[in-house]
Amino acid sequence: SDLISRGYQPVIFTNAVLPFLYRQTLDTFIELNRAVFFLCVVTGTTVVCILMVLSVVERAREIAIRRVEGARQWHIALQFVIETGTICSVGGILGVPAGMALAALRVWLEPLGAVTWAFPPVESVIMVSIVTVIGLIGGLLPAWRAMRLDPVEVLRYE
């Protein structure tokens with residue numbers, strides 16, 4: 001309306017025209033989006049694995065006491081896998097509203113009002129599931145490490 005009031009005739013491209021005009025650019029953005037997603041998943045898995053390994057190191061005495069009290073190796077491993085899964089599930093579930101808030105902020109800040117957004121429920125469930133599974137995979141190394149701790153060696157130095 002501002003352009004029309006100044007005497008300009010704006011040309012509006014529909015969604016059918018934009019992909020035709022900017023196909024290579026859109027394909028590049030899609031590939032860039034995939035690469036960033038992959039790097040985020042790898043980084044997140046690494047961070048979860050490191051945090052859980054530190055948790056195993058800090059809780060070595062607790063693990064040793066549980067083993068002495070009769071807990072089997074798979075009980076210890078299962079404990080760490082469940083903790084990792086819970087952390088990743090909660091993080092994924094809290095990430096959905098955070099992402100929605102960022103999308104709403106982006107739409108609100110758009111000067112032309114050309115950007116819209118919608119909540120994708122199926123994709124959100126898929127992403128939370130992927131984050132949880134990737135986190136569980138990242139938690140396998142710390143669980144294996146906790147399972148292999150020798151209670152005699154740990155308690156000897158305490």
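Residues numbered from 1 in each chain as written. Predicted model: local features only at pLDDT ≥ 70, side-chain atom pairs only at ≥ 80, totals over all residues. Heavy atoms only, no water.

### Topic: the side chain of serine 124
Line of reasoning, step 1. Within the secondary structure layout, serine 124 lies in helix 6 (residues 121–138).
Line of reasoning, step 2. From its side chain, serine 124 meets the backbone oxygen of proline 120 in a polar contact 2.8 Å long.
Line of reasoning, step 3. Excluding residues that lie within four positions of it along the chain, serine 124 makes contacts with Val96 and Phe119. (Helix = DSSP H or I, 4+ residues; strand = E, 2+ residues; numbered from the N terminus. Polar contact = N/O pair within 3.5 Å; in protein donor to acceptor, adjacent residues only side chain to side chain. Contact = heavy atoms within 4.5 Å.)

### With respect to the pattern of salt bridges
Line of reasoning, step 1. In this structure the tally under the stated criterion is four salt bridges.
Line of reasoning, step 2. A salt bridge links arginine 34 to glutamate 31, with the shortest nitrogen-to-oxygen separation between them at 3.0 Å. Taken together, the positions of arginine 34 and glutamate 31, both in helix 3 (residues 23–58) and three residues apart, correspond to about one turn of that helix.
Line of reasoning, step 3. Overall, the relative accessible area of 46% leaves glutamate 31 in the partly exposed class. (Salt bridge = Lys/Arg side-chain N within 4 Å of Asp/Glu carboxyl O. Buried < 20%, exposed > 50% of the residue type's maximum accessible area, 1.4 Å probe, protein only.)

### Focus on the nonpolar core
Line of reasoning, step 1. Val48, Met52, Val56, Ile63, Ala71, Ile76, Ala77, Phe80, Cys88, Ala143, Ala146 and Met147 form the largest nonpolar core, which has twelve residues in total.
Line of reasoning, step 2. Residue assignment for this core shows that the elements contributing at least two residues are helix 3, helix 5 (73–109) and helix 7 (140–147).
Line of reasoning, step 3. Looking at which element gives the most residues to this core, the answer is helix 5, with four residues. (Core = buried A, V, L, I, M, F, W, Y, C linked by side-chain atoms within 4.5 Å.)

### With respect to helix 6
Line of reasoning, step 1. For helix 6, built from 18 residues, the straight-helix expectation of 26 Å at 1.5 Å per residue is met to within 8% by its first-to-last C-alpha distance of 26 Å.
Line of reasoning, step 2. Among the residues making up helix 6, those that are buried are Ser124, Val128, Thr132, Gly135 and Gly138. The buried residues of helix 6 occupy one face: seen down the axis, they fall within an arc of 125°. In helix 6, the exposed residues that point more than 90 degrees away from the buried face are Val122 and Ile137.
Line of reasoning, step 3. Check the buried side of helix 6 and you find it contacts helix 3, helix 5 and helix 7. (Expected span 1.5 Å × (residues − 1). Arc of directions from axis to C-beta.)

### Some words on the packing of helix 5 against helix 6
Line of reasoning, step 1. It is at 8 Å that the axes of helix 5 and helix 6 come closest, and there the two elements cross at 150°. In terms of their interaxial angle, helix 5 and helix 6 are classed as roughly antiparallel. Here helix 5 runs over helix 6; the crossing is right-handed. In this structure, helix 5 contributes Val81, Thr84, Gly85, Cys88, Ser89, Gly92, Ile93 and Val96 to the contact, and helix 6 contributes Ser124, Val128, Val131, Thr132, Gly135 and Leu136.
Line of reasoning, step 2. Here the residues of the contact of helix 5 with helix 6 are counted per class, giving seven nonpolar, seven polar and no charged. (Axes fitted to C-alpha atoms, helices over the stretch in contact; angles between N-to-C directions. Parallel < 35°, antiparallel > 145°, perpendicular 65-115°, else oblique. Left-handed = near helix turned anticlockwise from the far one by under 90°. Nonpolar A, V, L, I, M, F, W, Y, C, P; charged D, E, K, R; others polar.)

### Here we look at the packing of helix 4 (residues 60–68) against helix 5
Line of reasoning, step 1. As a packed pair, helix 4 and helix 5 sit with axes 10 Å apart at the nearest point and diverge in direction by 140°. Classified by the angle their axes make, helix 4 and helix 5 are oblique. Crossing of helix 4 against helix 5: the hand is right-handed. The residues of helix 5 that touch helix 4, namely those facing Glu62, Ile63, Arg66 and Arg67, are Gln73, His75, Ile76, Gln79 and Phe80.
Line of reasoning, step 2. Of the residues contributing to the contact of helix 4 with helix 5, the split by class is three nonpolar, three polar and three charged.

### A closer look at a nonpolar patch on the surface
Line of reasoning, step 1. Residues Phe20, Leu21, Tyr22, Leu26, Phe29, Leu32 and Val36 make up a contiguous nonpolar surface patch of roughly 710 Å² in combined accessible area.
Line of reasoning, step 2. Those elements that place two or more of their residues in the nonpolar patch are helix 2 (17–21) and helix 3.
Line of reasoning, step 3. With four residues, helix 3 is the single largest residue contributor to the nonpolar patch.
Line of reasoning, step 4. Here leucine 32 shows up in helix 3.
Line of reasoning, step 5. The class for leucine 32 is partly exposed, based on a relative accessible area of 48%. (Patch = residues over 30% accessible without salt bridge, like charges linked within 9 Å, V, L, I, M, F, W, Y side chains within 5 Å. Areas by Shrake-Rupley, 256 points an atom, 1.4 Å probe, with all protein chains shown as cover.)

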